[in-house]
Amino acid sequence: MKKIILIPILCLINSMTLNAQQIKGIIGDTNWMGNWTNFRPTAAEYPETTNILTGTINSDFTLYKKNTYLLTGVVYITNNAVLTIEPGTIIRGDVETCGTLVISKGSKIMAEGEQTDPIVFTSNREISTRKPGDWGGIIIMGDAPINKTGGVGFLDFNIDPMANHYGGQNQDSNSGILKYVRIEFSGRKLNALKELNGLSLAGVGRKTKFNFIQISYSNDDSYECYGGDVNFENIISFKATDDDFDFTQGTQCNISNSLAIRYPFSSDISGSRCFEIDSFDKIENADVTKKMTKITATNITLANLEENNQGLVREAIYIKDNSYFSLNNSVVSGFKNCILLEGKIANISANLAKINLQTVLINNCDGGIQSEIPTNDSEIKNWYSNESFSIEYSKTSHTALFKESNPKKTFDFRLKVDPIVVSDN
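Position numbers for residues start from 1 in each chain and track the written sequence from start to end. A pLDDT threshold of at least 70 governs which residues receive local features in this predicted model, and a stricter bar of 80 or more applies before side-chain atom pairs are shown or counted, although totals over entire chains, interfaces and linings include all residues. By convention in this description, side-chain values take in all heavy atoms of the structure and omit both hydrogens and water.

### Looking at the overall build of the chain
Helix numbering and strand numbering both begin at the N terminus, where a helix is a DSSP run of H or I of at least 4 residues and a strand a DSSP run of E of at least 2. From N to C terminus, the chain includes four helices and 31 strands. Using a 1.4 Å probe on the protein chains alone, a residue whose accessible area is under 20% of its type maximum counts as buried, one over 50% counts as exposed, and one in between counts as partly exposed. The proportion of buried residues among the 425 residues of the chain is 57%. Note on definitions: a residue-residue contact is assigned when non-hydrogen atoms from the two residues lie within 4.5 Å. By sequence separation, contacts in the chain at least 24 residues apart represent 71% of the contacts at least 6 residues apart. Counting only carbon and sulfur atoms, one obtains 50% of the accessible surface of the chain, whose full area is about 18,300 Å². Here the accessible surface of atoms and residues is derived via Shrake-Rupley with a 1.4 Å probe, and residues count as covered only by protein chains that are part of the display.

Structure representation (structure tokens):
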């Protein structure tokens, strides 16, 4: 009898211990950002280019580590071709021609670097002259579902119309892999209202792999998803000019163990956040029969590392109407607010239930969860004050909060200590 009773007791104790030890923010027994990342790419030594990439590649093609490639103009991978990139290969985007890589629908990119030998996409400018927007970026188009009338979309990036379409019915489609990859100084401005992103994913399916990616100094968003069904793990956005992660057109995304580091003086005056979430670009283009954007973010760290009084520090997360968002076991530190809700979102349970926060630490933020319409804030605050959300507030310096937040060293944004919790906002 004693053994029979002991088993459930032990299970209960183990369950309580695991819950008590639940870690907020990025996790790992070791610092997984070691070796393959670079937080000072302006000073990085890159070899001179030896080979030119240009035009259309319509059959399987491999880029080799022994060469350094100049990405010239818009390079298209078409006709279901597979572009394979060896670990350690360096591809430099041409400034004069706005080097841009487009993986068209049906084709694949197999860019699988190694922790000690990452694949690098960067500017072809010399040391200390590189800046955001030196070249275009990487665009991948697939045939996963999107929320757009007709189920097909076209990107406004001056792409050849024959290669510029995405969306379909295959949520399990596979456009390849990006692993241990850095993308630096991308996001060329196309016109007064439009820039390219570091990595643009349009209708990309869930069997495509995105792990250990660092995008630094993008002149627009680091990562933007136009629909599709994607999974991100161990990815980094550093000093983006616009948003770190932008989701639209019904994107279904799970993102885990990932990091965004913002500097307000690098931000766009139009409003830059770590996460911007909406379900459609324009209401007239939305298809109400299709899924709305749904983002599940787990063990995320969002950190703003500069303080200023010029109105450039914004909210960490901006959520528009008809979108679903879950933030779990995460840390948000150094922003005006943790979350700002679009004014169109009514502050009633049916809509607030779409935005779920579980075990979140809000550190050194002026506010928690607020609305663009101040009269909604009291009801929103009352909703999220429920203990079941486990939202904590603290006033702890980044130096005390994280293991290493000095950009002159290798960042380590795992939590150092449990912060001193203060009363909620």
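### As for the state of the cysteines
For the purposes of this analysis, a disulfide is any pair of cysteine sulfur atoms at a distance within 2.5 Å. One pass over the structure, following the stated rule, counts zero disulfides. For C274, which is in no disulfide, the shortest distance to another cysteine sulfur is to C338 and amounts to 9.6 Å.

### A word on the sheet that holds strand β21 (residues 275–277)
Note on sheets: strands pair through backbone hydrogen bonds, and any given pair is parallel or antiparallel. Strand pairing follows a simple DSSP-based rule, namely that at least 2 bridges must link the two strands. Ordered in space as β2-β5-β8-β11-β15-β17-β19-β21-β23-β25-β27, the 11 strands form an open sheet in which the pairing is parallel. Where the open sheet ends on each side, the last strands, each with one partner, are β2 (56–57) and β27 (367–371). Axis angles are defined between N-to-C directions and span 0 to 180 degrees, where every axis is a line fitted to C-alpha atoms and, for a helix, only to the segment in contact. The sheet strands contacting helix α3 (residues 377–384) are β25 (337–341) and β27, and the helix crosses β27 at an angle near 130 degrees.

### Some words on the nonpolar core
Across soluble globular proteins, nonpolar side chains show a tendency to be buried alongside one another. Here, nonpolar core refers to any group of buried Ala, Val, Leu, Ile, Met, Phe, Trp, Tyr and Cys residues whose side-chain atoms link them within 4.5 Å. Ranked by internal contacts, the top residues of the largest apolar core, which has 91 residues, are F232, F275 and F325. Core analysis: the next-biggest nonpolar cluster, separate from the first, contains 14 residues, V102, I146, L155 and L196 among them.

### Quick word on α3
Taken residue by residue, α3 has D377, I380 and Y384 as its buried positions. Each buried residue of α3 sits inside an arc of 65 degrees when the element is viewed along its axis, so together they form one side. Of the exposed residues in α3, those oriented more than 90 degrees away from the buried face are S378 and N382. The secondary structure elements touched by the buried residues of α3 are β25, α2 (349–352), β26 (355–363), β27 and β28 (391–394). In this description, one arc is meant: the one made by directions from the helix axis to the C-beta atoms.

### Some points on the packing of aromatic side chains
Two rings from Phe, Tyr or Trp (for Trp, the six-membered ring) form a pair when their centres are within 6.5 Å of each other. A pair whose planes differ by under 30 degrees is stacked, one over 60 is edge-to-face, and the rest are tilted. A full pass over the atoms with the stated rule returns 22 aromatic pairs. Note on F121 and W135: the rings are 6.4 Å apart at their centroids and 15 degrees apart in plane angle, and the pair reads as stacked. Of the two residues, F121 is situated in strand β10 (residues 119–123) and W135 in the loop between β10 and β11 (137–141); the sequence distance between them amounts to 14 residues. On the basis of relative accessibility, which here comes to 2%, the residue F121 falls in the buried class. An aromatic cluster is built from F39, F185, Y217, F238, Y263, F402, F411 and F413, whose rings are joined through pairwise contacts. Placement of a charge over a ring requires the Lys NZ or Arg CZ to be within 6 Å of the ring centre, with the centre-to-atom vector within 35 degrees of the ring normal. In this structure, K239 is placed above the aromatic ring of Y263, and the distance from its NZ or CZ to the ring centre is 4.3 Å. Over the ring of Y318 we find R273; its NZ or CZ atom is 4.1 Å from the centre of that ring.

### Thoughts on unusual backbone geometry
The backbone of N322 sits at a positive phi, close to 60 degrees, despite the residue not being glycine. Even without being glycine, N364 reaches a positive phi, approximately 50 degrees. Note on placement: N364 falls in the loop between β26 and β27. For N364, a relative accessible area of 29% translates into the label partly exposed.

### Quick notes on the pattern of salt bridges
We define a salt bridge as a contact between a side-chain nitrogen of Lys or Arg and a carboxyl oxygen of Asp or Glu at a distance within 4 Å. Summed over the entire model, instances satisfying the criterion amount to 13 salt bridges. One salt-bridge network, in which partners are shared between bridges, spans R273, E276, R314 and E315.

### A look at the side chain of N304
Relative to the assigned elements, N304 resides in strand β22 (residues 294–304). In this structure the side chain of N304 is engaged in a polar contact, spanning 2.6 Å, whose partner is the backbone oxygen of G334. Any pair of N or O atoms that falls within 3.5 Å is considered a polar contact. Within protein, one atom must be able to donate a hydrogen and the other to accept it, and sequence-neighbouring residues count only if both atoms are side-chain atoms.

### A few points about the side chain of T122
If you trace the backbone, T122 turns up in strand β10. T122 sits in the buried class, given a relative accessible area of 0%. Among the polar contacts made by the side chain of T122, one reaches the side chain of E184 at a distance of 2.8 Å. Setting aside chain neighbours within four positions, we find T122 in contact with Y46, I91, R92, G93, W135, E184 and F185.

### Here's the deal with the environment of S279
Tracing the backbone shows S279 in the loop between β21 and β22. Classification of S279 as buried rests on a relative accessible area of 1%. Setting aside its immediate chain neighbours within four residues, S279 contacts N147, T248, Q249, G250, M292, T293, N322 and S323. Within the local environment of S279, its side chain forms a polar contact with the backbone nitrogen of T293, the two atoms lying 2.8 Å apart.

### Remarks on the confidence of the model for the chain
Residues of the chain with pLDDT of at least 70 account for 89%, and the chain-wide mean is 89. Known as pLDDT, the predictor's confidence for each residue is given on a scale from 0 to 100. Across residues 1–20, where pLDDT falls below 50, the model places zero contacts with residues more than four positions away in sequence or in other chains.

### Remarks on the pairing of strand β15 (residues 199–202)
The two faces of β15 match: L199 and L201 on one face and S200 and A202 on the other face are all buried. Of the strand pairs in this sheet, β15 and strand β17 (residues 223–226) are connected by four bridges, and their pairing is parallel. In the sheet register, S200 faces β17, and the bridge partner there is E224.

### Regarding the pairing of β11
The element β11 is largely enclosed, with a buried count of five among its five residues. Covered by surrounding structure in β11 are G137, I139 and M141 together with I138 and I140, the residues of both alternating faces. Here strand β8 (residues 100–103) runs beside β11; their pairing, made up of four bridges, is parallel. Among the inter-strand pairings, V102 is bridged to a residue of β11, identified as I139.

### Observations regarding the environment of L305
Secondary-structure assignment places L305 in the loop between β22 and β23 (317–319). Apart from the residues lying within four places of it in its own chain, the contact partners of L305 are I261, R262, Y263, H398, S405, F411 and F413.

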